[in-house]
Amino acid sequence: MLCIAVDITSIRADERAVRQDLDHAIKAAYTDELTGVANRRFAMDRIEAMLKPPSPLGCVAILDLDNFKYINDRYGHPVGDLVLRDFARRIQAGLRRSDCFGRIGGEEFVLVMPDTSSAEAVLIVERMLAVIRGAGPLTDRPEFRYTFSAGVAESQAADSPSAICTRADRALY
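Computed from a prediction, not measured in an experiment: that's the story for all the values here.

**Student:** Any details on unusual backbone geometry? Residues and values, ideally.
**Tutor:** A positive phi angle, near 55°, is found at Asn-67, a position not held by glycine. Within the secondary structure, Asn-67 is located in the loop between β1 (58–65) and α3 (68–75). On the accessibility criterion, Asn-67 (60% relative accessible area) is exposed. Positive phi outside glycine occurs at Ala-158, with the angle close to 60°. Here Ala-158 shows up in the loop between β4 (148–154) and α6 (161–172).

**Student:** Provide a residue-level description of the pairing of strand β2 (residues 100–105), including the pertinent values.
**Tutor:** In terms of burial, β2 is largely enclosed, as 5 of its 6 residues are buried. Here β2 runs beside strand β3 (residues 108–114); their pairing, made up of 5 bridges, is antiparallel. Each bridged residue has a counterpart across the sheet, and for Arg-103 the counterpart in β3 is Phe-109. Where β2 folds back onto β3 in an antiparallel hairpin, the turn is made up of 2 residues, including Gly-106, whose phi is positive at roughly 50°.

**Student:** How would you summarise α3 if you had to cite specific residues and measurements?
**Tutor:** Think of an α-helix as 3.6 residues a turn; residues three or four steps apart then line up on the same face. Listed as buried for α3 are Phe-68, Ile-71 and Asn-72. The buried residues of α3 occupy one face: seen down the axis, they fall within an arc of 95°. Opposite its buried face, α3 presents the exposed residues Lys-69, Asp-73 and Arg-74, each directed more than 90 degrees away. Of the surrounding elements, those touching the buried residues of α3 are β1 and α4 (77–93). Two residues or fewer past α3, Gly-76 is found with a positive phi of approximately 100°.

**Student:** Describe the packing of aromatic side chains, and please don't skip the residues or the numbers.
**Tutor:** According to the stated counting rule, one finds 6 aromatic pairs in the structure shown. When the centroid spacing of 6.4 Å and the interplanar angle of 70° are considered together, the rings of Phe-87 and Tyr-146 count as edge-to-face. Taken together, the residues Phe-87 in helix α4 and Tyr-146 in the loop between α5 (118–132) and β4 connect sequence positions 59 residues apart. By the burial criterion, Phe-87 is buried, and Tyr-146 matches it. Among the residues examined, Phe-87 registers a relative accessible area of 0% and is labelled buried.

**Student:** Tell me what's going on with the pattern of salt bridges, and back it up with residues and numbers.
**Tutor:** As enumerated under the stated definition, the model contains 6 salt bridges in all. For Arg-103, the salt bridge is made with Asp-32, and the minimal N-O distance between the two is 3.2 Å. In this pair, Arg-103 is assigned in strand β2 and Asp-32 in the loop between α1 (9–30) and α2 (40–50), connecting sequence segments 71 residues apart. With respect to burial, Arg-103 and Asp-32 carry one shared label: buried. Each of Asp-86, Arg-89 and Arg-90 takes part in a single network of salt bridges with overlapping partners.

About the cut-offs
Residues numbered from 1 in each chain as written. Predicted model: local features only at pLDDT ≥ 70, side-chain atom pairs only at ≥ 80, totals over all residues. Heavy atoms only, no water. Helix = DSSP H or I, 4+ residues; strand = E, 2+ residues; numbered from the N terminus. Buried < 20%, exposed > 50% of the residue type's maximum accessible area, 1.4 Å probe, protein only. Pairing = 2+ DSSP bridges. Arc of directions from axis to C-beta. Contact = heavy atoms within 4.5 Å. Phe/Tyr/Trp six-rings, centres within 6.5 Å; stacked < 30°, edge-to-face > 60°. Salt bridge = Lys/Arg side-chain N within 4 Å of Asp/Glu carboxyl O.

Below is the structure:
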């Protein structure tokens, strides 16, 4: 009888490292690096999922930071980045489990609210605006405040992610 034993400890460690690398890559593919919230790709996937039957009811809100170019020009890009991170942190803190909040470009964000009527969505966005109007992100400049504008659109039959986003964007203006 011949027995052969092989130490597979390092194989298991390598397998775990590969799994961790895969998890990290997936998270990076769906997360905005600066703010830590969902990126455009992930948010659009969530809109698409919301629009699928059997319950395509929901709303999308486009949120745009007001006078963001002025903030960058007056205080510098590091402060602009701080404002983006502060905004993302505060909005994300008030989300429901079913909601998705993501950055879709520059100072523009999207809020996906499945199973939500337009009246409920407007109330949610108004609460978020009240939170943002609170304390500012600059401890050395307590007078500094920023706001955002929002447009809300409710899903319609046979909607596409781009169609509902276009309506929300129009409502923003």
